[in-house]
Each structure stands twice: as structure tokens, then as C-alpha cells.
Amino acid sequence: MADLTTTFIGIKSPNPFWLASAPPTDKKVNVERAFAAGWGGVVWKTLGSEGPPVVNVNGPRYGAIWGADRRLLGLNNIELITDRPLEVNLREIKEVKRKWRDRAMIISLMVPCDEESWKDILHRIADTEADGVELNFGCPHGMAERGMGSAVGQVPEYIEMVTRWVKQHSRMPCIVKLTPNIADIRKPAEAAKRGGADAVSLINTINSITSVDLDDFAPEPTIDGKGTHGGYCGPAVKPIALNMVAEIARSAETRGLPISGIGGVTTWKDAAEFMALGAGNVQVCTAAMTYGFKIVQEMISGLSDYMDRKGFTSTADLVGRAVPNVTDWQYLNLNYVTKAQINQDDCIKCGRCYAACEDTSHQAIAMSADRTFTVKDEECVACNLCVNVCPVENCITMVELPKGAVDPRTGAKVGDYANWTTHPNNPSVAAE
Amino acid sequence: MAGVLRDCAPLYATGRGVKSIHSFCRFFGQDHLFPPAAEIYHLIKKLTRGSLLVSQPTHAEMEGSLSNSPLTPGIVANRLSAADYSRNFTDHEAPLDAHEARVAADRCYFCHDAPCITACPTDIDIPLFIRQIATGTPDAAAKTIFAQNIMGGMCARVCPTETLCEEACVREMAEGKPVEIGRLQRFATDTLMAKGVHPFTRGAPTGKKVAVVGAGPAGLSCAHRLAMHGHDVVVFDARPKAGGLNEYGIATYKAVGDFAQAEVDWLLKIGGIMIEHGKALGRDFTLADLQSGYDAVFLGMGLAGVNALRAGGEDKAGVRDAVDFIADLRQAGDRSAVPIGRDVVVIGGGMTAVDAAVQSRLLGAENVTIVYRRGQEKMSASGYEQEHATSAGVRIVTHAAPVAVHGNGAVTEVEFGYMADGPSGLVATGETFRLKADQVFKAIGQTLQGAPEGLTLEGGKIAVTGAGRTSVKGVWAGGDCATGGDDLTVTAVAEGRDAAMDIHAGLMA
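As the structure is a prediction and not an experimental result, all values here were calculated from the model.

A. Representation of the overall build of chain B. The helix and strand inventory of chain B stands at 21 helices and 17 strands. In chain B, buried positions account for 53% of the 509 residues. Residue pairs at least 24 apart in sequence account for 69% of intrachain contacts in chain B once pairs closer than 6 positions are excluded. Of the accessible surface of chain B, which amounts to about 21,200 Å², a share of 51% is contributed by carbon and sulfur atoms.

B. Layout of the overall build of chain A. A count of helical and extended segments in chain A gives 14 helices and 20 strands. Rg of the C-alpha trace for chain A: 25 Å, near the compact-globule value of 22 Å for 432 residues, within the 12% margin. Principal-axis analysis of the C-alpha atoms gives chain A an extent of 75 × 55 × 50 Å. A burial count over chain A gives 50% of its 432 residues as buried. Within chain A, contacts between residues separated by at least 24 positions form 69% of all contacts whose residues are at least 6 apart in sequence. Total accessible area on chain A stands at roughly 19,800 Å², and carbon and sulfur atoms take up 51% of it. Here chain A holds 44 positive side-chain charges and 52 negative ones, and the gap between their average locations is 5 Å.

C. Structural context of the interface of chain B and chain A. Chain B puts 13 residues into the contact, and the matching count from chain A is 14 residues. Here chain B and chain A share an interface that buries about 1,100 Å² over both sides, 66% of which is from carbon and sulfur atoms. Counting the surface chain B buries against chain A, the share from its top three residues, Tyr109(B), His112(B) and Met173(B), is 51%. On the surface where chain B and chain A come into contact, there are zero salt bridges. Viewed at the interface, chain A and chain B are joined by five residue pairs in polar contact (both at pLDDT 80 or more). When residues of the side of chain B that touches chain A are traced back to their parent elements, those giving at least two are helix H6 (98-106) and helix H12 (170-175) of chain B. When grouped by side-chain class, the residues that make up the side of chain B that touches chain A number nine nonpolar, two polar and two charged.

D. Broad picture of the pattern of salt bridges. Residue and element names in this part refer to chain A. If you walk through the whole model with that rule in mind, you get 49 salt bridges over all chains. Linking lysine 167 and aspartate 198 is a salt bridge whose minimum nitrogen-to-oxygen distance equals 2.7 Å. Taken together, the residues span a long stretch of sequence, with lysine 167 in helix H5 (residues 156-169) and aspartate 198 in the loop between helix H6 (186-195) and strand E10 (199-202) at a distance of 31 residues. The salt bridge involving arginine 250 is made with aspartate 328; its shortest N-O contact spans 2.7 Å. Taken together, the positions of arginine 250 in helix H7 (residues 238-250) and aspartate 328 in the loop between helix H11 (315-318) and strand E17 (338-342) put the pair 78 residues apart, joining distant regions of the chain. A single salt-bridge network, built from bridges that share partners, covers Lys238, Lys269, Asp270 and Glu273.

E. Highlighting unusual backbone geometry. Residue and element names in this part refer to chain A. The omega torsion across leucine 202 and isoleucine 203 is 10°, close enough to zero to call that bond cis. Along the chain, the position of isoleucine 203 falls in the loop between E10 and strand E11 (206-208). Note the cis peptide between glutamate 220 and proline 221, where omega equals -5°. Within the secondary structure, proline 221 sits in the loop between strand E13 (218-220) and strand E14 (230-233). Positioned with a positive phi, arginine 70 is a non-glycine residue whose angle comes to about 60°. Following the sequence through the fold, arginine 70 ends up in the loop between strand E5 (62-66) and strand E6 (72-77). Using a relative accessible area of 54% as the deciding quantity, one classes arginine 70 as exposed.

F. View of helix H2 (residues 86-99) of chain A. All names here are of chain A. Across its 14 residues, H2 extends 20 Å between first and last C-alpha, which sits within 8% of the 20 Å expected from 1.5 Å per residue. Listed as buried for H2 are Leu86, Val88, Asn89, Leu90, Glu92, Ile93, Val96 and Lys97. On its buried face, H2 is in contact with helix H1 (28-37), strand E4 (41-47), strand E7 (104-109) and helix H3 (115-125).

G. Broad picture of the packing of helix H8 (residues 126-134) of chain B against helix H13 (residues 181-194) of chain B. Residues and elements named next belong to chain B. The interhelical angle for the contact between H8 and H13, taken along N-to-C directions, is 60°, at an axis separation of 10 Å. Classed by the angle they form, the pair H8 and H13 counts as oblique. For the pair H8 and H13, the sense of crossing is left-handed. Here H8 contributes Ile126, Phe129, Ile130 and Ile133 to the contact with H13, which in turn contributes Ile181, Leu184, Gln185, Phe187 and Ala188. The residue inventory of the contact of H8 with H13, partitioned by class, reads eight nonpolar, one polar and no charged.

H. Broad picture of the packing of aromatic side chains. Following the criterion strictly, the structure yields 13 aromatic pairs over all chains and no others. Relative to Phe312(A), the ring of Tyr306(A) has its centre 6.1 Å away and its plane inclined at 80°; by these criteria the two rings are edge-to-face. As far as burial versus exposure is concerned, Tyr306(A) and Phe312(A) are alike and both buried. Plain terms: the ring middles of Phe236(B) and Phe285(B) are 4.7 Å apart, the flat faces sit at 45° to each other, and that makes the pair tilted. Here Phe236(B), found in strand E2 (residues 232-237), pairs with Phe285(B), found in the loop between strand E3 (273-277) and helix H17 (287-293); they are 49 residues apart in sequence, far enough to count as distant. Judged by relative accessible area, which is 8%, Phe236(B) ranks as buried. What makes Phe285(B) buried here is its relative accessible area of 7%.

I. Geometry of the side chain of Thr6(A). Residues and elements named next belong to chain A. Checked against the element boundaries, threonine 6 lands in strand E1 (residues 6-8). Within the structure, threonine 6 has its side chain in polar contact with the side chain of threonine 315 (distance 3.2 Å). Not counting residues up to four positions away in its chain, the partners in contact with threonine 6 are Ile11, Lys12, Ser13, Asn15, Pro16, Gly280 and Thr315.

J. Representation of the sheet that holds strand E1 (residues 209-213) of chain B within the structure. All names here are of chain B. The strand order across the open sheet formed by five strands is E3-E2-E1-E4-E17, and the pairing between neighbours is parallel. Edge positions in the sheet fall to E3 and strand E17 (475-477), since each of these pairs with one other strand and no more. Across the sheet, the mean angle from the axis of one strand to that of its neighbour is 20°, orientation sign disregarded. Packing of helix H21 (residues 489-508) onto the sheet brings it into contact with E1, strand E4 (296-299) and E17, and relative to E4 it is tilted by some 170°.

Reading the values: the criteria
- Residues numbered from 1 in each chain as written.
- Chains lettered and ligands numbered in written order.
- Predicted model: local features only at pLDDT ≥ 70, side-chain atom pairs only at ≥ 80, totals over all residues.
- Heavy atoms only, no water.
- Helix = DSSP H or I, 4+ residues; strand = E, 2+ residues; numbered from the N terminus.
- Buried < 20%, exposed > 50% of the residue type's maximum accessible area, 1.4 Å probe, protein only.
- Contact = heavy atoms within 4.5 Å.
- Areas by Shrake-Rupley, 256 points an atom, 1.4 Å probe, with all protein chains shown as cover.
- Rg over C-alpha atoms; globule rule 2.2 N^0.38 Å.
- Lys, Arg positive; Asp, Glu negative; His and termini not counted.
- Charge placed at Lys NZ, Arg CZ, Asp CG, Glu CD.
- Buried area = accessible area lost by both parts, 1.4 Å probe.
- Salt bridge = Lys/Arg side-chain N within 4 Å of Asp/Glu carboxyl O.
- Polar contact = N/O pair within 3.5 Å; in protein donor to acceptor, adjacent residues only side chain to side chain.
- Nonpolar A, V, L, I, M, F, W, Y, C, P; charged D, E, K, R; others polar.
- Expected span 1.5 Å × (residues − 1).
- Axes fitted to C-alpha atoms, helices over the stretch in contact; angles between N-to-C directions.
- Parallel < 35°, antiparallel > 145°, perpendicular 65-115°, else oblique.
- Left-handed = near helix turned anticlockwise from the far one by under 90°.
- Phe/Tyr/Trp six-rings, centres within 6.5 Å; stacked < 30°, edge-to-face > 60°.
- Pairing = 2+ DSSP bridges.

Written out as C-alpha cells, the structure reads:
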């Protein structure tokens, strides 16, 4: 059993699995049950300013998309920040933290975009003994219309300004939560860093309409015949989140800025991937909403087994390990040549590779009368589509041509590493 | 007691099939049923994973007041409780519900040029209809099926899918667990048929008239396709009900709820088809009559004759054709009124033998044995069907042929001689044995009866070429009475359909 103890911006937790700011972290009773189940920390559901509590819709708050057997693949929500009185949340946070000293307790915050509001809320939470704050600059619905959440997160100058206020009026470590509803994720991350943030967390949910009711002609979830865009999360958003995490991890301006990875983490493997791309820990919500708090046990055992297998003694050994291998397209090796190879013993003769290649790719797979499928090396561009549509794992593999071998498609010998920056077809090379 | 049961019950439950509580207790030397019977019942149920054929004894059974039991000698009715009859003759395989269907449909890989389509005698576009189920449009799926096979509803119930589409399914090759094509087909066809919707409309009348002999799968399929193209069709059938073997020859538990008649009614909604019941070719009319009165003739009268055992004593009471037994059972409103022997012997190795044997068990026969003269691998009943029989408690004896039927007036025993495979066929080894029997079913194949003169026969069937063309111009044939293809419902449907298209092409030329 590997030691999963993780220290993130000075905050120690027994494992890197935190529950993200969301309904599962809205109450003492839930958070205590989560801690009992094994979660390493929580980001308490976002607190707003003192005053009349936030109002939520009383119709459906979630929409979903499903895979086979109704496996939940993506969820969207139009719930707002906590709708419980501020003093109740503050009291409960303190009670839980005192009882669970070894767990991370972060408070998510979202107040109007003026210094007094931030100063006030920071003052009110100072007494909770929480380990840090997370600034909710991500929430894409409802609060954004009131100039909060992603309305701030989409303007790097605001992020920098608010972060600076927070660092000025509080000694707590500060995590800035980023919205993915922006063209270049590096800009808000840079702004957070300039403002003095200790870390960023991403991604918050993505603007989305999960489906449309084709009888009522209204987006789902539908509230009395109308719908609005909600925040999309769950397994479906993981690839988007991974890329955004990697972009921040490898950017010269933000390199080294701690990242808390969020977005579709469902298994230990998802978590490990986020961490390999630079996340110091991960935050989870949809998986817990789908399966309950107990899933953290699989995450713990899975990550531990993996680390033991790899000989990692600390989660820090894993964090960022894949970052050097994330690069720009222009640096990819154009002399790396592979060909698809179909293992005839494993092939079940479904012909999906053939249909995919013949109809939509490079017509590089032959089909015989007895349903034997073979790759035509002289046509294969190694696109990998056949591998992806094949229902049998590892039946089709991409085999590298050794250096010096002739690629039957181009007739050229496989040469040394060379990329687009030096390729003769590159106009900027020709111009020199 | 319980310990003994635990030791013995597996043998009893798996080796020879689960028998009645009564015989089970007799096995342990107990004359009466008393509380341990419940324990025995639960033990057997556990061992057989709930596939128990008899229920927990009722109070009447415990008191011995039931009129008959599986132990009553002779051919008698009412061997089981009402609950047992009802359970034994419900759907052999439960229909999929909507969610189960979508999950099952999701397993389909949508293969390119799919092997399942090739394996289907009617060439149903299986991946397409399954995708239509998966995307929530079972009605469209049903249309895809019916476009190729108008009796897709019955075929979904009776096709030996394990030797057709599901055997060809790539997931059978990959993991020994094919996509449940048959059950999915039933889901789709049932969904549309339950709405009473007929998905095709009749073409403009052509003024042509076609005679079809036999309202079985071949004849009705042919009639429907002809009617679709605007021809008027008259179907002649010797029996009082349409459907052929679907109505008279399919095991009761495969087509519950009078499905065969419901399917006929639904099929006839196309219009332009008239059925003349009680009219047999050769008895009530001749082929010449049809040739002169109609623009074309399709023969699909099936195989009405039954092969003889050619064993002494075959005429003794208690010996009858399995097809008649199956037909009587199908037509019986009350299963408990159908008499069955205590010791039943079924002679043959095909689907008819299995259907007769399994249903004998379901009616409460104590011992049922199928005896087949060749090896098990030669049985025309599929492995799946054989397994179905053995799991219902039927014993299968192979390499044995009937020598004589013994008994004084009524059968009491059947004598068999062991057979061995010789270089030029089966040879008797000379060794014989006897099986106790108060009822014997002959299921050794059917023959064409009363083939019209002038038609060329081949191997006892009407010889056809191409799409069911007989040696006589203007006369087509298909289904079991004609050569070509297996004697299956689905094959008959395909042959009827293809002949119809050929007739249509000829009539419109």
C-alpha cells in the first residue's frame, strides 16, 4: 500500500482525492459521511454574501446523457451556490474541521465583484479554521448573469484584481477555480498567478444543453417549458479538462503553478492521468453523485496499486511526469511511421475496421470472401481509426517501421527525427 | 435426512432430471409427504437454479386427494396441479422489456456485411433492426424485419437461432455469447403487432388471381407478398384453422397466447387474400382445377404423411404420431385435460421428438425417453434443443432402433436393438433392451402425401428450381413439401416470398 498522503499548497490530506464544491459538500452530515468513506478533503459548496439566501429552481436541476445500459456519461446542472444561511454553513464548517483534523477543508467563495464584499466574506470565514479558500470564478449559470462566477472568470483582469484582494485580506492559501468557457485557458491562469493565487483548480463546468425534448421542443432540463444552458461535467468532459490542465502545466508563464485537477474524474486511472499532466491533486463530484461516496475506496486502492507497481513512494513522484511529453503539433516526429496490423487470431470478423477505413478513411483494409481483413501497407496512413472502432482490445495494433525501412505508401525510407519546423513544405522554412 | 438429501439430490436433479416430489420421496422410501417435503422442494429448487418443473405440493397433494399424479399408471389426464400446468405452459423464454431490449441491442457491433444476415434464410437486415431498437424506434425495427419476413413474429419464437443468425454472430465467436437476435426480433415485432398496425399497403389491383395450397408459413408468406403487389389470392387449407405448423406443429410454450392465429389475422390485414378452409388438394379439388381457374398456382401444403416405425406391434393402443399429439395439445383449451402416459417413449431425433418429449414431461409424465437410432451428433434437433430436453428431465438414448412394441392390446414395453455405425450405414449389434412404456410417440419424419400427378418429385418432395419453379409451368412450390432448404418455418417463409416475387414477375411480364 503506497503512501497517498498529499501536500497541496501546504495543505495536507491523507490522499489526493477531494470532493469538489457542489451539492455533496453542502452540509455537515454529507461531508462527515464523505470523510468517513475515505475522502481526503472537501471544497465546501460555494458560500455567498451575507443576506437573503440564494434561490434555486424547483423543477429539475440536472440533465444527462447516457451510454449503454444507462451508464451516466455526462451531467449538466443549473443549481446555484449554497442556498443555506451563511451562519449555518460557517458553524458546520468549523465543527467538521475540528472533528476531522487530518482532512483538507477548503471553502469555496463567490461574492459580488467589489473589494468590500470580498473583504467581508473573508473576515467571516477567518474563524472557521478551514485550510484555504477556492474562488469560484467558474459557475456558468445564474450567478454569471449577476456579474459573478464565470462572468469574472472570463475576464483575466477581474481574476487578477479579485485574487489580489483575497491575498491582501486573508492569510489563507488561495485557489482560483477556472471556467473552461473561454478561448485560451492560459490567460485566466496567468491572471490568477499575477494576482498572487497559490493554485488554480480546473475545470469548472462547461456551458451546455444536454438534450432537447422533441415533443415539447425545449432544452433539458426543462422548467415549465423552458430551459437554459447548464454546466456540463462527468466522464464526457475529461478530455477537455486534461488538455486545459496540460496547457497550464506546460506554459512558460504558469509552469510550476500548482493545479487541482477537476473534470470527469471517475476512477483511480482518471485521477492518475490528471496528476501525470501536472495536477497536484484531483477534485471529484459527478462520480460521487453517480455512485456515492464509496467510490473513493476504488480510487485509493487503484492509485496505490499503480504507485506500488511503478515504484512511486509519493504522489509527488507522479505529478507532472507526462508534462514534458505534451508538445505542439509542429514538433511531432514526421519520420515516425507506423502501420496497422490485424491479429488474425484475435479478429472476430465483424468488419468494422473495413467499413471505417473504406468508407471514411484511406481505403487501406482489404476484405476477402471469407471475411479475412488485412491492412494494405501501401495505403495505410496509420490514422488509428481501425484500432479505435475495433471491438476487440489489442486485436489491431500500430507497428512501427524501423529506421531505414521503406514505407510502401510513400516509397521513402524511414529517416531520423524531423518535424514540421524543418520540413521543405513549410512555407516559413522555404522563405529562409 | 437432510444430509442424505444433500448428497443424493444433485445426482437426482442433474442426472435424470427433477421429478415429482412424490417420486422423490418414494426414492427415499417414504410413503407419505410430510414436512420434509418442503425441505426437499427448496433443495431441488436451489440445485436446479429454480428451473423446477413441479411446484411445492399443494394441500390436496399432501393429503393424496388429487385425482392423478405423475405416478398414476396409464395414459391419464390431470397429473399435475393447476399451478403446474399454468407455469409449465407459459412462455418458454420471457420477452425482453424495453430496457432489456436496449441493453441487448447495444451489444450489436453493426458489422459490415454482417454474417448474421447471410445466415438468415430470409436475409433480414439484422444490424439495422437492432440499431433501430437501440435508438428507441422498435416500430421501424419491426418494419425492417417484416419487409423481409412477414412472419418475423413467429420466427422470433421458433427459429433455431442458435444454428442460424446467433451462431454466425461475431460475438458468438468472440465470447460464446451472441447478441440475442431472436429475442430482439420478438421485441420489435411484438411492439408493432401489439398496436395492431400492419406496416404495408396493398398495391393497385392487377386483376390477376393466384391459388395457394396450404395456409402454413410458405403459403401465407407467398400470399402476402402477392397481395402486396395487387394480386388476388385464394388460399386453400385442409384444416379448420390457418397457420399450418405454426398452429398445429409448434410446441405450446413457444407460441403462447394464441400467437399463431393473431399473426394470421394481422398478416391478412394486407387485404386481397381469401382463405378457404377444409379444402384439401386431391380430395376437394385438383391441380388441374387450379391451373384452369387461376393465373398461377403455389403449392405449400407441407408434409401430411408420417413415416411408419416398421416394428412389430406398432398398431397397439398407446402408440401414435408425435405430430398428432403436438397438434392436439396445441388445440386443447385446458392442458390438464390432455392425457399423457406415466412412462413415455419418443422415437426419433428431430425437433418434433424434442417437442413431444418435453411437453410429455410438462404434462406430468414421470419418465420420458427419446430414443434415436444414430449418434447424438446426427440428431436434427439442435444442441440447444437437446439440452432443453434434458434439462426438462428427458432422457436421451442414442444408437437404438425399435424392434418390437410389446403389450397385450396396449403397449407396455418397447424393445430396442442397439445400432452401430458400419461402413455402409447402421448395423444392428444384436443386443436388445426394453423400455417400460404406456405411451409411445413416433417422430421419425413426415412425408409428402398426395402429390399431384405430373409434378416431378425428388427424394419424395416436389422438385423445384430457382425461386420455387416446379416441373410444370405456372406451378410453384415451397416450404416442407418442396426440395431445397431445411424444413424450418423461416425457410418456408423465404421460399414463399421468393416464389411470389417470381410469380409476380411472370404475371406482369
